[in-house]
Amino acid sequence: MERVPDIKVEPPGPEARNVIEKDQKLLMQSYVRWYPLVIKTGHGAVVEDVDGNKYIDMNAGIAVMALGHNHPKVVEAIKREAEKLQHYSLTDFYYEEAVTSAEKLLSVVPIKNGKVFYTNSGTESIEGALKIARYYHEGKRQYIIAFLGAFHGRTMGSLSLTASKAHYREHFAPLVPGVIHVPYPYTYRCPFNTDDPKACGEAVLGYIEDWIFTKLVEPSEVAAIFVEPIQGEGGYIVPPDNFLPGLRKLADKYNILLVDDEVQSGIARTGKWFAIENWNVVPDIIAMAKAIGGGLPLGAIVAKDNVMDAMKKGSHANTFGGNPIALAAMEAVIDTIKEEKLTERAAKLGDMVLRYFNDLKEELEIIGDVRGKGLMIGVELVKNKKTKEPASKELGRILDKSFKKGVLVIGSGVSSIRIAPPLVIDEDVLARAIQILGDILKEENKNL
Ligand SMILES: *Cc1c(COP(=O)(O)O)cnc(C)c1O
């Protein structure tokens, strides 16, 4: 096997600089690039830049490339379908691919008797779920509960739910009214001043029921609760075990729909097909995207049939949702996850990564918290374990150093490293990547 990482020219090399210069001239510059990486191609968990440098990919193109880059089964499926059918809108017509793919998708979701609506992205799945939730209640329930730290997307409806960075919402108000944000049980920094995870989970549930539902709105006016089972953009935050089951109970008590945003955590990443299954909770609606299309723009909403059946003709549609080529890629993704047992693999490799960083946490002041499920892992950096002051400048430096050494990772939340490699990553390549990252952390720890 080739030796990776392999850095031949310090990035950004001449070709990369050329692309970046044009990018700045030609594209809207609202993106936040973590470091000047200019991708050319990839294979498995290794990507190559335009100057010929090879990196270990711990980002998977933001949790999209679960099967790694250019997986032969995905490539084959895309080629095959491209020669058969490229597009014919489901809005007005039928095609077989839409139903065979729906059957396949429904075979892996925790919702029994579900129905599918295809979208083109994460934000579109959330927009659709928002409309479905209101429609299901015949427009009689105007309020939505969402969580601080949540990321649900960037279009106006989903942005109204997003609360991971104030900056994302800056200058865009007024947003969709009726969204009530409540704290998320971020146990390392519990907003309710407790260090006990269980107490933190209970405090959040109690805050919703005893404060929001008595002082602010009647629960009979709340259509849905939107929740990420593990917060992604907010910091790779794993809630305490009592939280999601408690939220399910609360939703049932007041006939509120529980909408599970699995856009980032779904499709085998956390060791289960969907992260919420780690707590044996069945939501009413699941929003998905990112990894589902094997790199092609595809999303889906799956909801219980009684919820989907409430949607009358003409109430919702899109032109491109369920593109046949994207669906062929999705089928290849689902089949391959089953064949290669990638859920189990994610769980096993995740345990190895968690063990490594937990051991390092004992040794280093800079690691405040290590958390995750499967290959969705956050390592939160602090300047001081006691004060928990976030080490955000250090984070930027660490990510940059790691990039220059050939390991691609990005941040999440205020000061966490997010680890989300392709689920097919070789065990020894993964071990090498975390070793390189660990060495950088040791170095940075000295400068605290
Ligand atoms: C990325 C993400 C979205 C938005 O998906 P886009 O495809 O970027 O619109 C929504 N929810 C979560 C949890 C995400 O991680």
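Residues numbered from 1 in each chain as written. Predicted model: local features only at pLDDT ≥ 70, side-chain atom pairs only at ≥ 80, totals over all residues. Heavy atoms only, no water.

You'll find the protein chain entered in an unreviewed UniProt entry as Ornithine aminotransferase, with Caldisphaera lagunensis given as the organism. Quoted verbatim from the Cofactor (unreviewed entry) heading of the UniProt record, the comment on the protein chain is "pyridoxal 5'-phosphate". Among the UniProt annotations of the protein chain, the heading Catalytic activity (unreviewed entry) holds the following wording: "L-ornithine + 2-oxoglutarate = L-glutamate 5-semialdehyde + L-glutamate". (UniProt positions renumbered as here; feature names shortened; annotations may be inferred.)

Enquirer: What should I look at first to understand the pattern of salt bridges in this one?
Expert: Where charged atoms of side chains with opposite charge meet at close range, the side chains can pair. In total, this model carries 27 salt bridges according to the counting rule given. Here D309 and K115 are joined by a salt bridge, their closest N and O atoms 2.8 Å apart. Pair noted here: D309 is in the loop between α10 (305-308) and α11 (324-339) and K115 is in strand β4 (residues 114-119), with a separation of 194 residues, a long-range link. You can call D309 partly exposed: its relative accessible area is 46%. Two residues, D428 and R432, come together in a salt bridge whose shortest N-O distance is 3.9 Å. (Salt bridge = Lys/Arg side-chain N within 4 Å of Asp/Glu carboxyl O. Helix = DSSP H or I, 4+ residues; strand = E, 2+ residues; numbered from the N terminus. Buried < 20%, exposed > 50% of the residue type's maximum accessible area, 1.4 Å probe, protein only.)

Enquirer: I tried to follow the packing of helix α3 (residues 72-82) against α11 on my own but got confused; where do I start?
Expert: The relative placement of two packed helices comes down to the angle between their axes together with the axis-to-axis distance. Relative to each other, α3 and α11 sit at 150°, their axes nearing to 8 Å. Taken together, the axes of α3 and α11 are roughly antiparallel relative to one another. The crossing of α3 and α11 is right-handed. Packed against α3, whose contacting residues are K73, V74, A77, I78, E81 and A82, the element α11 presents P324, I325, A328, A329, A332, V333, T336 and E339 at the interface. (Axes fitted to C-alpha atoms, helices over the stretch in contact; angles between N-to-C directions. Parallel < 35°, antiparallel > 145°, perpendicular 65-115°, else oblique. Left-handed = near helix turned anticlockwise from the far one by under 90°. Contact = heavy atoms within 4.5 Å.)

Enquirer: Explain the domain arrangement of the protein chain to me, please; I cannot follow it from the model alone.
Expert: Note: interface size is frequently given as the accessible area lost on complex formation between the parts. When its domains are assigned, the protein chain resolves into domain 1 (14-57 + 341-445) and domain 2 (74-339). The gap between the C-alpha centroids of domain 1 and domain 2 is 26 Å. Facing the 28 residues of domain 1 at the interface are 29 residues of domain 2. Considering only the side of domain 1, the residues that lose the most area to domain 2 are K373, M376 and K388, jointly responsible for 32% of the buried surface there. (Domains from an automatic or database assignment. Buried area = accessible area lost by both parts, 1.4 Å probe.)

Enquirer: What is the right way to read a nonpolar patch on the surface from this model?
Expert: On the surface, a nonpolar cluster with roughly 360 Å² of combined accessible area is contributed by L26, L27 and Y31. Mapping L26 onto the fold places it in helix α1 (residues 14-26). The class for L26 is exposed, based on a relative accessible area of 66%. (Patch = residues over 30% accessible without salt bridge, like charges linked within 9 Å, V, L, I, M, F, W, Y side chains within 5 Å. Areas by Shrake-Rupley, 256 points an atom, 1.4 Å probe, with all protein chains shown as cover.)

Enquirer: So what exactly am I meant to see when it comes to the state of the cysteines here?
Expert: Should the sulfur atoms of two cysteines be covalently bonded, the bond is a disulfide. Counted according to the given criterion, the structure contains one disulfide. In this model C190 forms its disulfide with C200; the gap between the sulfur atoms is 2.2 Å. In this structure, the disulfide formed by C190 and C200 twists by about 95° around the S-S bond and is classed as right-handed. Remark: C200 occurs in helix α8 (residues 197-216) and C190 occurs in the loop between β6 (179-182) and α8; sequence separation between them is ten residues. C200 matches C190 in its accessibility class, with the two residues each being buried. (Disulfide = S-S within 2.5 Å.)

Enquirer: Mind showing me how you'd approach helix α5 (residues 122-136) here?
Expert: Since one α-helical turn is 3.6 residues long, residues separated by three or four positions face the same way. Between its first and last C-alpha atoms α5 spans 21 Å; for 15 residues at 1.5 Å apiece the expected length is 21 Å, and the two agree. Listed as buried for α5 are G122, T123, E124, S125, I126, G128, A129, L130, I132 and A133. Structurally, the start of α5 carries an N-cap: the backbone nitrogen of E124 is 3.2 Å from a side-chain oxygen of S121. Directly beyond the C-terminal end of α5, a positive phi value near 55° is found at E138. (Expected span 1.5 Å × (residues − 1). Polar contact = N/O pair within 3.5 Å; in protein donor to acceptor, adjacent residues only side chain to side chain.)

Enquirer: Would you mind showing me how to read the layout of surface pockets here?
Expert: Empty space among the atoms can be located by rolling a probe the size of a water molecule over them. Size it by volume and the second largest pocket reaches roughly 1,000 Å³. The wall of the second largest pocket is formed by 25 residues, among which L90, V116, F117, K313 and H316 lie closest to the centre. It is β4 that contributes the most residues to the lining of the second largest pocket, four residues altogether. (1 Å grid on protein atoms, 1.4 Å probe; cavity = no way out; pocket = protein on both sides within 12 Å on 5 of 7 lines; lining within 4 Å. Points joined across faces, edges and corners; volume = space filled by probe spheres on them.)

Enquirer: Which parts of the structure should I look at to understand the site of the ligand?
Expert: Neighbouring the ligand are the residues S121, G122, T123, F151, H152, G153, E228, D261, V263, Q264 and K290. Contact between the ligand and K290: an oxygen atom at 2.7 Å from a side-chain N or O atom of the residue. Summarising the interface, the protein chains cover 81% of the accessible area of the ligand, which totals 380 Å² for the free molecule. (Near = heavy atom within 4 Å.)

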